[in-house]
Amino acid sequence: MNEYSTTGLLEEAIGYSVEGDVIKRVLIGGLLVSFSVLVLPIVYILGYYVDIFRETINGVDTPPVFSTENVGVRLKRGLGATAISLIYSLPVLVVYVAVFAVVVGFGSLSGMTEGSILLALLITTVIGLVGSVYTAAVTPAAFVLYADTGSITGAVSLTGMKKIMSCKQYIVALLLSLVILTVSGVIAVVISFIPFVGFVFIGFIQFPVIVISYRMFGRAATQSDYNFTSTAPQTTH
């Protein structure tokens, strides 16, 4: 695959996101994201995201379709993706809990003043922001490895992660993704204030943005020094 410029990487991903039956895809994907609190929808949509990477590294230029024929397979991949997400989230959780315990312990010894409360809020906010950037950076690379190897073990390969994440195109994809995810996040927050139906529309904003983001990461990964296997099958349409 050809190397893309900064704008070219984003333009290609946007073009990719509108290929095929985009209305049907966004409707289904948006609803799944909106109702992800019900567990099964988020597991399934994670499996769909893995398929984006699977097909991208196999040279497919249209997004995966939603079909009743591959529900079981997608759920299985989604469970794997869920486990991988939890594994990579552990460092953030450990740091957060440790810092929170220190702050609370310090506050108990010195007395919870207004200053200590503000300091605790500042520290937890910074950790939250750093954790969000960390998650945005490592999750796509881990999903690429999972899509390629088909195993959770393969997804936690430090060598593979290093090769993919050190690629210039991957860093560009990360920066672009942070921008579009932040903008879409602000829009989603505003929409969430619409009484009764606001939460439903959030998915229709977030889903296409994630498709664009993961396409960029998938394309970027193909430019890295990571050696993809020749056995990653394409999802059947």
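Everything below is about the structure shown above.
What you are looking at is a predicted structure, and each value in this text was computed from that prediction instead of being measured.

How should I be thinking about the packing of helix 2 (residues 22-34) against helix 3 (residues 40-57) in this particular structure?
Think of two packed helices as two axes; the pair is described by the angle between the axes and how far apart they sit. In contact at an axis separation of 8 Å, helix 2 and helix 3 are set at 130° when each is read in the N-to-C sense. One element, helix 2, and the other, helix 3, form an angle in the oblique class. Every residue of helix 3 that contacts helix 2 at Arg25, Gly29, Leu32 and Val33 is listed here: Pro41, Tyr44, Ile45, Tyr48 and Tyr49. Its residues placed into classes, the contact of helix 2 with helix 3 shows seven nonpolar, one polar and one charged.

Can you help me understand helix 3 in this one?
An α-helical segment advances 3.6 residues per turn. Residues three or four places apart therefore align on the same side. Here helix 3 contains 18 residues, and its C-alpha end-to-end distance of 26 Å stays within 8% of the 26 Å for a straight helix at 1.5 Å per residue. Within helix 3, 16 of the 18 residues are buried, which leaves it mostly tucked inside the rest of the structure. Looking one or two residues beyond helix 3, the residue adopting positive phi is Gly59, at roughly 85°.

Looking at this structure, how should I read the environment of Phe207?
Position of Phe207 among the secondary structure elements: in helix 9 (residues 198-221). A residue is classified by how much of its surface remains accessible, and Phe207, at 1% relative accessible area, is buried. As for Phe207 and Leu27, which are separated by 180 residues in sequence, their C-alpha atoms are 9.3 Å apart. With near-sequence residues (within four places) excluded, Phe207 lies in contact with Arg25, Val26, Gly29, Gly30, Val33, Ile45, Tyr48, Tyr49 and Phe66.

Honestly, the layout of surface pockets in this entry has me stumped. Any pointers?
The rolling of a water-molecule-sized probe over the atoms marks out the regions of remaining empty space. Reported here for the largest pocket is a volume of approximately 800 Å³. Around the largest pocket, the lining comprises 26 residues; the ones closest to its centre are Thr135, Ala136, Leu181, Ile210 and Tyr214. For the lining of the largest pocket, the secondary structure elements donating two or more residues are helix 3, helix 4 (71-110), helix 5 (114-149), helix 8 (168-192) and helix 9. Considering every element that reaches the lining of the largest pocket, the biggest residue donor is helix 5, with eight residues. When the residues that make up the lining of the largest pocket are grouped by side-chain class, the tally is 15 nonpolar, 11 polar and no charged. Roughly 160 Å³ of internal volume is contained in the second largest pocket. Asp21, Arg25, Pro64, Val65 and Phe66 are, among the 11 residues lining the second largest pocket, the residues nearest its centre. In the lining of the second largest pocket, the residues fall into four nonpolar, three polar and four charged.

Explanation requested: the pattern of salt bridges in the structure shown.
Oppositely charged side chains are able to pair whenever their charged atoms sit close together. Throughout the structure, instances matching the rule amount to seven salt bridges. One salt bridge connects Glu12 with Arg215, and the closest N-O pair in it is separated by 2.8 Å. Placement of the pair is Glu12 in helix 1 (residues 6-17) and Arg215 in helix 9, with a sequence separation of 203 residues. Glu12 sits in the buried class, given a relative accessible area of 18%. Between Asp61 and Arg215 there is a salt bridge; the shortest N-O distance is 2.9 Å. Taken together, the residues Asp61 in the loop between helix 3 and helix 4 and Arg215 in helix 9 connect sequence positions 154 residues apart. The structure contains a network of salt bridges with shared partners spanning Glu12, Asp61, Arg215 and Arg219.

Rules used in this analysis
- Here the residue numbering is sequential within each chain, running from 1 through the sequence in written order.
- Whole-chain, interface and lining totals are the exception, using all residues; otherwise, since this is a predicted model, local features are given only for residues with pLDDT of at least 70 and side-chain atom pairs are given and counted only at 80 or more.
- For the side-chain quantities, the full set of heavy atoms in the structure was used; hydrogens and water were omitted.
- Inter-axis angles, ranging from 0 to 180 degrees, are taken between N-to-C directions of lines fitted to C-alpha atoms, where helices are fitted over the stretch in contact.
- The helix and strand labels rest on DSSP assignments: H or I over at least four residues marks a helix, E over at least two residues marks a strand, and numbering proceeds from the N terminus.
- For classification, angles of less than 35 degrees are called roughly parallel, those exceeding 145 degrees roughly antiparallel, those between 65 and 115 degrees roughly perpendicular, and all remaining angles oblique.
- Any two residues whose heavy atoms approach within 4.5 Å are treated as being in contact.
- Side-chain classes follow a simple rule in which Ala, Val, Leu, Ile, Met, Phe, Trp, Tyr, Cys and Pro form the nonpolar group, Asp, Glu, Lys and Arg form the charged group, and the remainder, Gly included, forms the polar group.
- Here the expected span of a helix is defined as 1.5 Å times the quantity of residues minus one.
- Throughout, exposure labels follow a simple rule: accessible area from a 1.4 Å probe, protein chains only, divided by the maximum for the residue type, with under 20% read as buried, over 50% as exposed, and the rest as partly exposed.
- Points on a 1 Å grid, built from protein atoms alone, make a cavity when a 1.4 Å probe fits but cannot get out and make a pocket when they are open with protein on both sides within 12 Å along at least 5 of 7 lines; residues with an atom within 4 Å of a point are the lining residues.
- Grid points are joined across faces, edges and corners, and a volume is the space filled by probe spheres set on the points.
- A pairing counts as a salt bridge when a side-chain nitrogen of Lys or Arg comes within 4 Å of a carboxyl oxygen of Asp or Glu.

It is worth stressing that arrangement in space is one thing and function is another; only the former is reported here.
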